[in-house]
Every structure is written in structure tokens, then in C-alpha cells.
Amino acid sequence: MPSYTLSVNDQNHTVEVDKGTSLLWVLREHLGLTGTKYGCGIAQCGACTIHVDGSPMKACVLSVEDFSNGEKIKTIEGLSEQGDHPLQKAWVEVQAPQCGYCHSGQIMQAAALLENNPSPSKEEIKAHMNGNICRCGTYLRIVQAIQLAAQNQ
């Protein structure tokens, strides 16, 4: 079985998995980073959003072998060790989640936005978050949380 070394949350991890194994399953099943969720398996819902070299990507459709060349992978666990990233604090303050299942992907998508645009307009937030689905429909609270985090960073 092939071996791959991944840089995840500023730590190197070596895993032995079959070629073609989903990066999502490596993160969850082999590294124990279960904050990244499986939603659809076809990169349409965003529950599995992670950052690769600072860009949001959907882990469910990424193959592990394509990310063992030094790319920097960040999961929700790597966003803040203490859970005190401005987005995480804003999410709690505005009570953004209902069931919460999609919210690690939502937060990772929002974090990429704020890294590139620290003061986005409401329209920019909506456009950037468009690929992340919340089945509970808490979109208004998600937008409020992102606006609050932008003010508090």
C-alpha cells in the first residue's frame, strides 16, 4: 500500500492508504480530524470544505496522492487551537448553527473570504458562501456571523 506524507494543520502526517483514497476519509478516519464532515460526496454542499494553501476546497472529491507534495492543508481543527478564531466566536454569539452539521465547512469557507477580503459587503459574503449549503436554512445568521467576525478581527 502506498504511503503519503501530508502537511495538515502545521504538522506532517504519514498515512498508508490506497491511491485514490478521498482526502476527506484520510482526514477523518486516519488522522481523527472529524470536524470536516461528509455531506454529499460530489463537492456540491460544502460540508467538507478545507483550505489547501489558503484556498477553500471540497475534500470529498480530492485524492490523497494529489496533496502529498508539501501543500498546506488546514481543517476546522487547525483554524484555532482554542476555538477562539473571530469566526468561531461570532458563530456562537449570533447562534448561527441550528443542527450544526454544515458549519465547519461554512466557517472554513468564510475564513478564506476574510483572509482575502477583511471587510466584505453583504453581497460579497453571499457570493462567496454560495457553494455551501445549510439544510436548516440559517443563512441570515451565517451572514451576520461573518459580518460580526469582520468587525472583530
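It should be emphasised that the depicted structure is a prediction, and the values quoted were computed from it without experimental measurement.

Cut-offs used in this document
- Residues numbered from 1 in each chain as written.
- Predicted model: local features only at pLDDT ≥ 70, side-chain atom pairs only at ≥ 80, totals over all residues.
- Heavy atoms only, no water.
- Pairing = 2+ DSSP bridges.
- Helix = DSSP H or I, 4+ residues; strand = E, 2+ residues; numbered from the N terminus.
- Core = buried A, V, L, I, M, F, W, Y, C linked by side-chain atoms within 4.5 Å.
- Buried < 20%, exposed > 50% of the residue type's maximum accessible area, 1.4 Å probe, protein only.
- Contact = heavy atoms within 4.5 Å.
- Domains from an automatic or database assignment.
- Salt bridge = Lys/Arg side-chain N within 4 Å of Asp/Glu carboxyl O.
- Polar contact = N/O pair within 3.5 Å; in protein donor to acceptor, adjacent residues only side chain to side chain.
- Axes fitted to C-alpha atoms, helices over the stretch in contact; angles between N-to-C directions.

## Focus on the pairing of strand 1 (residues 3-8)
Here comes step 1: When strand 1 meets strand 2 (residues 11-16), the two strands line up antiparallel, connected through 6 bridges. Looking at the pairing, Ser-3 lines up with Glu-16 of strand 2.
Here comes step 2: Adjacent in sequence and paired antiparallel, strand 1 and strand 2 are bridged by 2 residues, among which Asn-9 carries a positive phi angle near 55°.
Here comes step 3: Note: strand 1 against strand 5 (residues 72-74), 2 bridges, orientation parallel. When the bridges of strand 5 are listed, Val-8 appears paired with Ile-73.

## Some remarks on the nonpolar core
Here comes step 1: Ranked by internal contacts, the top residues of the largest apolar core, which has 24 residues, are Leu-87, Trp-91 and Ile-146.
Here comes step 2: Elements represented by at least two residues in this core include exactly helix 2 (76-79), helix 3 (86-93), helix 4 (103-116), helix 5 (122-129) and helix 6 (139-152).
Here comes step 3: Broken down by element, the residue count for this core peaks at 7 residues, all from helix 6.
Here comes step 4: Once residues within four sequence positions are removed from consideration, Trp-91 is found in contact with Ala-96, Pro-97, His-103, Gln-106, Ile-107, Ala-110, Ile-142, Ala-145 and Ile-146.
Here comes step 5: Grouped together as the second largest cluster of nonpolar side chains are 20 residues, Val-17, Leu-24, Leu-27 and Ile-50 included.

## Some remarks on unusual backbone geometry
Here comes step 1: The phi torsion at Asn-9 lies on the positive side, around 55°, for a residue other than glycine.
Here comes step 2: Since its relative accessible area comes to 19%, Asn-9 is described here as buried.
Here comes step 3: Its identity is not glycine, yet Gln-95 carries a phi of approximately 55°, on the positive side.
Here comes step 4: Along the chain, Gln-95 falls in the loop between helix 3 and helix 4.

## Observations regarding the domain arrangement of the protein
Interface extent is often summarised as the accessible area lost during association of the parts.
Here comes step 1: For the protein, the assigned domains are domain 1 (3-78) and domain 2 (86-152).
Here comes step 2: The C-alpha-based centres of domain 1 and domain 2 are spaced at 21 Å.
Here comes step 3: With 18 residues of domain 1 at the interface, the matching set in domain 2 holds 14 residues.
Here comes step 4: Here domain 1 is connected to domain 2 by 0 salt bridges.
Here comes step 5: Linking domain 1 with domain 2 are 6 residue pairs in polar contact (both at pLDDT 80 or more), by the criterion used here.
Here comes step 6: Among the secondary structure elements, those contributing two or more residues to the side of domain 1 that touches domain 2 are strand 3 (49-52) and strand 4 (55-58).

## So, helix 1 (residues 23-30)
Here comes step 1: Residues Leu-23, Leu-24, Val-26, Leu-27 and Arg-28 constitute the buried set of helix 1.
Here comes step 2: Buried residues in helix 1 make contact with strand 1, strand 2, strand 3 and strand 5.
Here comes step 3: The distance from a side-chain oxygen at the start of helix 1 to the backbone nitrogen of Leu-24 is 3.1 Å, and the residue carrying that oxygen is Ser-22.

## Concerning the sheet that holds strand 5
Here comes step 1: What the 5 strands build is an open sheet, ordered 2-1-5-3-4; its pairing is mixed. Each edge of the sheet is formed by a strand with only one pairing partner; in this case those strands are strand 2 and strand 4. Each strand axis lies, on average, 40° off the axis of its neighbour in the sheet, ignoring direction.
Here comes step 2: Against the sheet, helix 4 contacts strand 3, strand 4 and strand 5, and its axis sits at roughly 35° relative to strand 3.

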